[in-house]
Amino acid sequence: MQNGLINTGEPRNIMGHIVSGAVASAVVSGTINYKKAKEKKLSSNEAIQDTVKKTAQGAIATGTAIATANHIGQQGGFLKALTAFSVGMAGIYAVEVIDDKLNNKYEQLENSSCDENFLEEGINE
């Protein structure tokens, strides 16, 4: 292996670290959200949704960190490291945008079902 910007040791397996990051993130966010759900600070659906989102983001972040470190350790790998870092940021951002869009859809569905209930009550009076 050629010496790069920083000696990061031997390149590590990215897929293995993605799985490790997902597991670690699921344990942390799942435990925190379980506590919040038990305390009635979150509904069980909100706790599950947040846990899934944070698990995906943790997996992406861990894979990104390993890929970036692998490239920094290679001669001339600085641009590859920046690319890996940028792709990771884009992936985490994409998960956040998808979550926002899903939340908006759920809110619209809830509001439309509330409107239908209101209309039904008005008709029955």
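As the structure is a prediction and not an experimental result, all values here were calculated from the model.

Enquirer: Tell me what's going on with the overall build of the protein chain, and back it up with residues and numbers.
Expert: For the protein chain, the helix and strand inventory stands at 3 helices and 0 strands. Traced from its N-terminal end to its C-terminal end, the protein chain shows the element sequence α-α-α. Of the roughly 9000 Å² of accessible surface on the protein chain, 63% is carried by carbon and sulfur atoms.

Enquirer: Before we move on, can you summarise the UniProt feature "transmembrane region" (unreviewed entry) in the protein chain with the specific residues and values?
Expert: Per the UniProt annotation, the sites labelled "transmembrane region" (unreviewed entry) are residues 14-34. Summarising residues 14-34: 100% helix, 0% strand, and an end-to-end C-alpha distance of 29 Å.

Enquirer: Requested: an account of the packing of helix 1 (residues 14-38) against helix 2 (residues 44-72), with residues and values cited.
Expert: Close contact between helix 1 and helix 2 brings their axes to 7 Å; oriented N to C, the two are set at 150 degrees. Compared by their axis directions, helix 1 and helix 2 come out roughly antiparallel. In this structure, the crossing between helix 1 and helix 2 has a hand that is right-handed. Between helix 1 and helix 2, the residues in contact are Ile 14, His 17, Ile 18, Gly 21, Ala 22, Ser 25, Ala 26, Ser 29, Gly 30, Asn 33 and Ala 37 and Ala 47, Asp 50, Thr 51, Lys 54, Thr 55, Gly 58, Ala 59, Thr 62, Gly 63, Ile 66, Ala 67 and Asn 70, respectively.

Enquirer: Account for the layout of surface pockets, with residues named and values stated.
Expert: By volume, the largest pocket is sized at about 260 Å³. With 5 residues, helix 3 (residues 78-124) is the single largest residue contributor to the lining of the largest pocket. By residue class, the composition of the lining of the largest pocket is 2 nonpolar, 3 polar and 6 charged.

Enquirer: For the pattern of salt bridges, give the residues involved together with the corresponding values.
Expert: Applying the stated criterion to the full structure yields 5 salt bridges. Notably, a salt bridge pairs Glu 39 with Lys 41, separated by 3.2 Å at the nearest N-O pair. Classification of Lys 41 by relative accessible area gives exposed; the value is 61%. Here Glu 96 makes a salt bridge to Lys 53, at a shortest N to O gap of 3.1 Å.

Enquirer: Tell me about a nonpolar patch on the surface, residues and numbers included.
Expert: On the surface, Met 15, Val 19, Val 23, Val 27, Val 28 and Ile 32 cluster together into a nonpolar patch covering about 550 Å² of accessible area. With respect to the helices, strands and loops of the structure, Met 15 is situated in helix 1.

Enquirer: For helix 1, give the residues involved together with the corresponding values.
Expert: Helix length check: helix 1 (25 residues) gives 35 Å between terminal C-alpha atoms against 36 Å at 1.5 Å per residue, within 8%. Those residues of helix 1 not exposed but buried are Gly 21, Ser 25, Ser 29 and Asn 33. Each element contacted by the buried residues of helix 1 is listed here: helix 2. Its side-chain oxygen placed 3.0 Å from the backbone nitrogen of Met 15, Asn 13 serves as the N-cap of helix 1. Lys 40 sits one or two positions beyond helix 1 and adopts a positive phi of about 65 degrees.

Enquirer: Requested: an account of the side chain of Thr 51, with residues and values cited.
Expert: Tracing the chain through its elements places Thr 51 in helix 2. With residues near it in sequence (within four places) discarded, Thr 51 still touches Ala 26, Ser 29, Gly 30 and Asn 33.

Enquirer: Can you explain the environment of Leu 42? Please cite residues and give values.
Expert: Structurally, the position occupied by Leu 42 is in the loop between helix 1 and helix 2. In contact with Leu 42, other than residues within four places in its own chain, are Asn 33, Lys 36, Ala 37 and Ala 47.

Rules used in this analysis
Residues numbered from 1 in each chain as written. Predicted model: local features only at pLDDT ≥ 70, side-chain atom pairs only at ≥ 80, totals over all residues. Heavy atoms only, no water. Helix = DSSP H or I, 4+ residues; strand = E, 2+ residues; numbered from the N terminus. Areas by Shrake-Rupley, 256 points an atom, 1.4 Å probe, with all protein chains shown as cover. UniProt positions renumbered as here; feature names shortened; annotations may be inferred. Axes fitted to C-alpha atoms, helices over the stretch in contact; angles between N-to-C directions. Parallel < 35°, antiparallel > 145°, perpendicular 65-115°, else oblique. Left-handed = near helix turned anticlockwise from the far one by under 90°. Contact = heavy atoms within 4.5 Å. 1 Å grid on protein atoms, 1.4 Å probe; cavity = no way out; pocket = protein on both sides within 12 Å on 5 of 7 lines; lining within 4 Å. Points joined across faces, edges and corners; volume = space filled by probe spheres on them. Nonpolar A, V, L, I, M, F, W, Y, C, P; charged D, E, K, R; others polar. Salt bridge = Lys/Arg side-chain N within 4 Å of Asp/Glu carboxyl O. Buried < 20%, exposed > 50% of the residue type's maximum accessible area, 1.4 Å probe, protein only. Patch = residues over 30% accessible without salt bridge, like charges linked within 9 Å, V, L, I, M, F, W, Y side chains within 5 Å. Expected span 1.5 Å × (residues − 1). Polar contact = N/O pair within 3.5 Å; in protein donor to acceptor, adjacent residues only side chain to side chain.

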